[in-house]
Amino acid sequence: MSTLFDRPGAYAPSTADHPDLLADLNDAQRDAVTHTGGPLLVVAGAGSGKTRVLTRRIAYLLAERGVHQGQIMAITFTNKAAAEMRDRVGELVGVRSNTMWVSTFHSMCVRLLRREARTAGLGSNFSIYDADDSKRLLTLVARDLDLNTKRYTPRTLAGQISNLKNELVDHEDAASKASNELERKVAEVYAEYQRRLQLANALDFDDLIMRTVHLLQAFPEVTEYYRRRFRHVLVDEYQDTNHAQYTLVRELVGTGTSPSGVEPAELCVVGDADQSIYAFRGATIRNIEEFERDFPQARTIMLEQNYRSTQTILSAANAVISRNPNRRDKRLWSDLGAGDSIVGYVADSEHDEAAFVAGEIDALADSGEADYSDVAVFYRTNNQSRVFEEIFIRLGLPYRVVGGVRFYERREVRDALAYLRVLANPEDTVSLRRILNVPKRGIGERAEAAVAHHAERERLSFSAALRAAADGRIADLNPRAQRNIAAFVALLDELGERVERGDDVADVLEAVLERTGYRDGLAESDDPQDATRLDNLTELVTVAREFTESAAPAEDAGAGDELDEEPALPAGSLAAFLERVSLVADADSLPAPDGGDAEDTGQAADSGMVTLMTVHTAKGLEYPVVFGTGMEDGIFPHMRALGEEAELAEERRLAYVAVTRAQRRLYLSRALTRTAWGQPMSNPASRFLTEIPSELVEWRRSAPSADSFGGSGAPRAATTWAGSGQGSGKAGPVRGTASTGWKDAVPMKLDVGDRVSHDKYGLGTVVATEGTGPRATATIDFGASGQLKLMLIGSVPMTKL
DNA sequence: ATGTGACGAATTTTT
DNA sequence: TTCGTCACAT
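About the cut-offs
- Residues numbered from 1 in each chain as written.
- Chains lettered and ligands numbered in written order.
- Predicted model: local features only at pLDDT ≥ 70, side-chain atom pairs only at ≥ 80, totals over all residues.
- Heavy atoms only, no water.
- Helix = DSSP H or I, 4+ residues; strand = E, 2+ residues; numbered from the N terminus.
- Buried < 20%, exposed > 50% of the residue type's maximum accessible area, 1.4 Å probe, protein only.
- Contact = heavy atoms within 4.5 Å.
- Areas by Shrake-Rupley, 256 points an atom, 1.4 Å probe, with all protein chains shown as cover.
- Near = heavy atom within 4 Å.
- Polar contact = N/O pair within 3.5 Å; in protein donor to acceptor, adjacent residues only side chain to side chain.
- 1 Å grid on protein atoms, 1.4 Å probe; cavity = no way out; pocket = protein on both sides within 12 Å on 5 of 7 lines; lining within 4 Å.
- Points joined across faces, edges and corners; volume = space filled by probe spheres on them.
- Nonpolar A, V, L, I, M, F, W, Y, C, P; charged D, E, K, R; others polar.
- Domains from an automatic or database assignment.
- UniProt positions renumbered as here; feature names shortened; annotations may be inferred.
- Arc of directions from axis to C-beta.
- Axes fitted to C-alpha atoms, helices over the stretch in contact; angles between N-to-C directions.
- Parallel < 35°, antiparallel > 145°, perpendicular 65-115°, else oblique.
- Phe/Tyr/Trp six-rings, centres within 6.5 Å; stacked < 30°, edge-to-face > 60°.
- Core = buried A, V, L, I, M, F, W, Y, C linked by side-chain atoms within 4.5 Å.
- Pairing = 2+ DSSP bridges.
- Buried area = accessible area lost by both parts, 1.4 Å probe.
- Salt bridge = Lys/Arg side-chain N within 4 Å of Asp/Glu carboxyl O.

**Quick notes on the overall build of chain A**
Then step 1. Regarding its fold elements, chain A presents 32 helices and 21 strands.
Then step 2. Expressed as a percentage of the 801 residues in chain A, the buried residues total 53%.
Then step 3. For chain A, contacts bridging at least 24 residues in sequence account for 74% of all contacts bridging at least 6.
Then step 4. Here chain A displays about 34,800 Å² of accessible surface, and carbon together with sulfur accounts for 49% of that area.

Here is the structure:
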């Protein structure tokens with residue numbers, strides 16, 4: 001790999017200029033790279049060279065400003081982004097990038113918490129609970145507290161508690177602030193949940209951030225140490241930070257001169273409020289919108305030149321996003337020219353839509369206009385991928401689906417990992433209870449409850465109680481269960497010895513799969529799914545094997561980096577492996593540039609496959625050809641967002657993300673009818689579709705025009721039904737101006753039993769109604785044409801009789 | 001203790 | 001439709 005170090009004559013440390021670092025940047029980018037002093041906010045529109053700015057800035061700090069790599073902390077949200085940043089900085093400055101702290105918020109916090117475990121009141125071998133573990137624990141807690149688990153589902157509880165932690169509210173504050181029944185219950189659960197986490201020596205994802213913030217706030221001397229150490233903090237995707245992460249950054253950077261004279265570090269954050277699509281997880285664009293207020297003397301630099309897309313695509317994106325209220329105005333522009341029109345398509349059904357997409361991809365490939373790998377198909381929700389897969393398989397069109405159920409979320413993988421986690425941390429009760437009877441070994445609910453009660457009564461950990469049970473020290477346990485428990489404990493001990501004597505992780509894992517009978521159980525099954533499960537376990541063993549191999553030689557002896565002199569966890573250890581897999585949840589994620597793909601069904605190289613994914617997973621990626629599908633109100637924007645201003649704004653940002661992924665060609669399609677949960681459903685055109693200026697779109701197939709329906713629809717129907725997708729460029733600009741389009745119209749009032757006449761499906765009877773306002777739907781029986789569920793939003797070409 | 005059938009709910013998800 | 005949870009039977 002060529003770096004500035006390697007290139008003869010290109011680099012002379014700390015003396016020469018480095019025109020290379022700035023030469024190919026535009027003015028704004030250059031400003032962002034060279035800015036010195038106060039906090040810097042880089043507002044980076046889609047495709048405006050955000051990563052380039054960040055990496056150049058780091059390189060510039062090292063090369064031109066005499067900053068030591070150990071003084072830099074760069075924070076991202078994903079491991080992928082962290083790896084990419086490290087690589088790209090490496091290309092610019094060489095091996096110095098290896099010892100920089102470039103990491104995700106979460107791994108940075110883990111690193112810090114392990115170092116300061118004692119101060120933070122943690123065992124340094126703490127486990128990390130992910131969402132699934134949290135929910136399991138919450139299920140236990142809710143049961144023990146006798147909650148109505150219908151009303152307080154683990155999902156709800158997890159969401160509420162997560163929100164509280166993201167806002168840095170601890171369980172005591174939550175209790176005192178609670179103002180209604182739900183909040184009081186949540187606070188109660190929260191308290192018990194935290195108690196159990198502590199008992200299990202475990203932290204959940206949100207704790208990683210919150211506990212770090214609390215640590216820094218409670219121990220100024222600790223904070224001071226890190227502030228002295230990190231003089232430059234850079235944050236990527238700043239629009240995705242939640243309050244806790246925001247506070248963490250502020251604690252790290254510092255706001256004023258500390259008592260012992262440490263000045264605040266230089267802060268550089270990069271983000272785009274228009275691409276904030278994770279508010280539902282606590283991200284708040286407040287952090288970016290009020291950056292200037294939060295950090296006085298802050299400077300803002302806007303990157304508005306887009307290097308990715310044609311002007312047509314950008315104009316469409318601008319048209320959509322500009323309807324969001326309270327938005328900092330920003331207009332992306334491109335000098336790549338207008339390019340091709342956006343292609344619109346109105347399909348009869350989702351199958352029809354998929355067939356169109358497949359046919360179009362085929363045509364592009366045949367004409368040589370695009371490789372399969374140039375093409376991405378986006379949808380709002382994962383279940384929409386199915387129909388595409390079906391058609392692609394039928395046509396032999398190579399594709400890959402990104403996302404969905406991830407490798408580390410598969411049941412068998414989690415089971416196997418739970419064994420390892422118990423071996424590493426016997427107090428990890430959630431994992432222990434998970435594997436207690438997996439595979440089935442005759443330790444049922446009753447026995448488990450008996451052990452749990454005993455633990456509670458005697459104030460023992462579950463693990464200790466289990467040992468008591470094995471020794472016959474629990475009275476109300478039948479002998480059979482006792483024997484089974486004893487055997488299980490013996491099994492764990494035997495496996496534990498392997499860990500003790502330092503066997504490789506992969507060997508321990510192999511032993512787990514063998515000795516527990518897990519592998520045999522799957523091998524003997526005739527369920528075809530179990531064959532896949534077996535493959536996944538084999539893959540996990542491979543991952544473990546590779547982990548050991550990469551850990552051994554990569555011992556870079558600290559390289560004078562004081563923070564690395566004592567690794568918190570021994571390299572290659574079981575604990576280190578578990579930490580890795582907890583924090584890297586994307587073994588089978590995106591097209592790895594190097595093609596080093598962990599697991600996939602397909603054999604073909606990435607280069608030859610169409611990519612299918614949700615719009616969320618598409619963030620940060622780009623493709624020459626993009627298909628945005630399911631552009632219907634109720635699908636995208638999602639039904640749940642209709643009528644909710646904040647959620648609608650987020651959907652709009654999501655649409656903006658979708659559109660701005662496209663480089664050359666953008667297709668937008670919708671279906672008049674699609675099957676939702678077994679029932680056919682009819683959705684109107686997505687409002688996002690109608691907001692795109694019609695001159696940018698060439699409709700390959702449009703909605704049936706009002707004329708062809710003949711009849712007079714509901715008032716307003718004739719004009720509005722045609723709203724988008726009015727064919728062949730005939731339609732004038734879309735009406736429905738500003739935010740008050742026809743979508744805000746009152747839905748038709750229908751009750752069960754009402755008779756209606758639909759312009760397309762004829763006479764029908766209302767058999768059910770659901771939802772109200774913008775979410776109102778009616779299921780109508782059209783006799784021979786069957787039943788159809790219609791969204792009543794805006795207008796439907798239908799009259800009530 | 002475990003297997004079966006009814007029932008109900010059902011976005012998005014960087015860690 | 002599909003998946004996971006719950007009640008009940010074996």
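**A word on the protein's contact with DNA strand C**
Then step 1. Residues in close proximity to DNA strand C include Arg386, Trp677 and Gly678, which together make up its full environment.
Then step 2. In DNA strand C, the atoms that sit within 4 Å of the protein are 20% sugar and phosphate, with bases accounting for the remainder.
Then step 3. Within the side chain of Arg386, an N or O atom sits 3.4 Å from a phosphate oxygen of DNA strand C.

**A few points about the layout of surface pockets**
Then step 1. Empty space within the second largest pocket amounts to approximately 1,200 Å³.
Then step 2. Around the second largest pocket sit 37 residues that line it, and Leu140, Arg433, Glu448, Ala452 and Phe462 are the ones nearest its centre.
Then step 3. Every element with two or more residues in the lining of the second largest pocket is listed here: α7 (131-144), α10 (181-199), α19 (411-424), α20 (429-435) and α21 (445-458).
Then step 4. In terms of residue count, the dominant contributor to the lining of the second largest pocket is α21 (seven residues).
Then step 5. Of the residues assigned to the lining of the second largest pocket, the class counts are 15 nonpolar, six polar and 16 charged.
Then step 6. Here the lining of the second largest pocket gathers at least three residues from each of two domains, domain 2 (127-200) and domain 4 (408-551).

**Remarks on empty space enclosed by the protein**
Then step 1. By the definition in use, this model includes seven cavities of 30 Å³ or more.
Then step 2. Considering the residues around the largest cavity, the lining is formed by 14 residues, among which Asn125, Phe126, Ser127, Ala575 and Leu578 are closest to the centre.
Then step 3. Going through the elements one at a time, β4 (127-129), α19 and α27 (574-583) are the ones with two or more residues in the lining of the largest cavity.
Then step 4. Broken down by element, the residue count for the lining of the largest cavity peaks at four residues, all from α27.
Then step 5. Grouping the amino acids of the lining of the largest cavity by side-chain chemistry returns six nonpolar, five polar and three charged.

**Quick look at the UniProt feature "coiled-coil region" (unreviewed entry) in chain A**
Then step 1. Cross-referencing UniProt, the feature "coiled-coil region" (unreviewed entry) maps to residues 161-188 in the present numbering.
Then step 2. In residues 161-188, the share of helix is 75% and the share of strand is 0%. The end C-alpha atoms are 11 Å apart.

**Focus: helix α2 (residues 27-34)**
Then step 1. Listed as buried for α2 are Gln29, Ala32 and Val33. On an axial view of α2, the arc spanned by its buried residues comes to 100 degrees, and they lie on one face.

**A word on the packing of α7 against helix α8 (residues 154-166)**
Then step 1. For the pair α7 and α8, the least separation of the axes is 9 Å and the interaxial angle reads 110 degrees. Looking at the two axes, α7 sits roughly perpendicular to α8. Judged by residue contacts, Lys135, Leu138, Thr139 and Ala142 of α7 engage Pro154, Arg155, Leu157, Ala158 and Ile161 from α8.
Then step 2. Among the residues forming the contact of α7 with α8, the class breakdown is six nonpolar, one polar and two charged.

**With respect to the packing of aromatic side chains**
Then step 1. Under the defined criterion, the tally for this structure stands at 17 aromatic pairs.
Then step 2. With a centroid separation of 5.0 Å and 90 degrees between ring planes, the pair formed by Tyr225 and Tyr226 is classed as edge-to-face.
Then step 3. Overall, Tyr226 belongs to the buried group, its relative accessible area being 1%.
Then step 4. Relative to Phe291, the ring of Tyr238 lies with its centre 5.8 Å away and its plane at 90 degrees, an arrangement referred to as edge-to-face.

**Observations regarding the nonpolar core**
Then step 1. In terms of nonpolar packing, the biggest core is built from 66 residues, with Met108, Leu208, Val235, Leu248 and Leu267 touching the most fellow members.
Then step 2. Both domain 1 (27-119 + 207-303) and domain 2 (127-200) contribute no fewer than three residues apiece to this core.
Then step 3. Every residue in contact with Leu208, bar those within four places of it in the chain, is listed here: His106, Cys109, Val110, Leu113, Phe126, Ile128, Leu203 and Leu583.

**A closer look at the protein's contact with DNA strand B**
Then step 1. In the vicinity of DNA strand B there are 31 residues, among which Tyr278, Arg380, Arg406, Asn437 and Thr614 approach most closely.
Then step 2. For DNA strand B, the backbone portion of the atoms within 4 Å of the protein, that is sugar and phosphate, comes to 55%.
Then step 3. For DNA strand B, a phosphate oxygen lies 3.0 Å from a polar atom in the backbone of Gly442.
Then step 4. For the surface near DNA strand B, the secondary-structure elements that each account for two or more residues are α21, α28 (615-618) and α29 (645-660).
Then step 5. Broken down by class, the residue content of the surface near DNA strand B amounts to eight nonpolar, 13 polar and 10 charged.

**A look at the sheet that holds strand β3 (residues 101-104)**
Then step 1. If you walk across this open sheet you meet the six strands as β3-β2-β6-β7-β1-β8, and the pairing is parallel. Every interior strand has two partners, whereas the edge strands, β3 and β8 (299-303), have only one. Each adjacent strand pair in this sheet contributes to an overall mean axis angle of 15 degrees, direction not counted.
Then step 2. Relative to strand β7 (residues 266-271), strand β1 (residues 40-44) is paired through four bridges, and the arrangement is parallel. Across the sheet, residue Val43 finds its bridge partner in β7, namely Gly271.

**Thoughts on the UniProt feature "binding site: ATP" (unreviewed entry) in chain A**
Then step 1. According to UniProt, the "binding site: ATP" (unreviewed entry) feature falls on Ala44, Gly45, Ala46, Gly47, Ser48, Gly49, Lys50 and Thr51.
Then step 2. Within the secondary structure, Ser48 sits in the loop between β1 and α3 (50-64).
Then step 3. On the basis of relative accessible area, Ser48 is assigned to the buried category, the value being 1%.
Then step 4. Contact partners of Ser48, with chain neighbours within four places excluded, come to Gln29, Leu303, Gln305, Asn306 and Tyr307.
Then step 5. Tracing the backbone shows Gly49 in the loop between β1 and α3.
Then step 6. A relative accessible area of 21% places Gly49 in the partly exposed class.

**Describing helix α12 (residues 220-229)**
Then step 1. Taken as a whole, α12 has its buried residues at Val222, Thr223, Glu224, Tyr226, Arg227 and Arg229.
Then step 2. In this structure, the buried residues of α12 make contact with β3, α5 (105-115), α6 (117-120), α11 (205-218) and α13 (243-253).

**Thoughts on the domain arrangement of chain A**
Where interface size is given, it is often the accessible area lost as the parts come together that is meant.
Then step 1. According to the domain assignment, chain A consists of domain 1 (27-119 + 207-303), domain 2 (127-200), domain 3 (321-398 + 607-704), domain 4 (408-551) and domain 5 (754-800).
Then step 2. Across the interface of domain 2 and domain 4, roughly 980 Å² is buried in total on both sides, 38% from carbon and sulfur atoms.
Then step 3. Interface area lost by domain 2 to domain 4 is led by Tyr129, Arg136 and Leu140, which between them contribute 37%.
Then step 4. Our count for the contact surface shared by domain 2 and domain 4 stands at six salt bridges.
Then step 5. The residue Glu456 makes a salt bridge to Arg195 at a minimum N-O spacing of 3.7 Å.
Then step 6. Viewed at the interface, domain 4 and domain 2 are joined by 11 residue pairs in polar contact (both at pLDDT 80 or more).
Then step 7. Of all the elements in the fold, those that place two or more residues in the side of domain 2 that touches domain 4 are β4, α7 and α10.
Then step 8. Broken down by element, the residue count for the side of domain 2 that touches domain 4 peaks at five residues, all from α7.

**Some thoughts on the pattern of salt bridges**
Then step 1. The full count for this structure, using the stated rule, is 68 salt bridges.
Then step 2. With a closest N to O distance of 2.8 Å, Arg515 and Glu494 form a salt bridge. Within this pair, whereas Arg515 is found in helix α24 (residues 505-515), its partner Glu494 is found in helix α23 (residues 479-500), the two being separated by 21 residues in sequence.
Then step 3. Accessibility expressed as a relative area gives 42% for Arg515, which makes it partly exposed.

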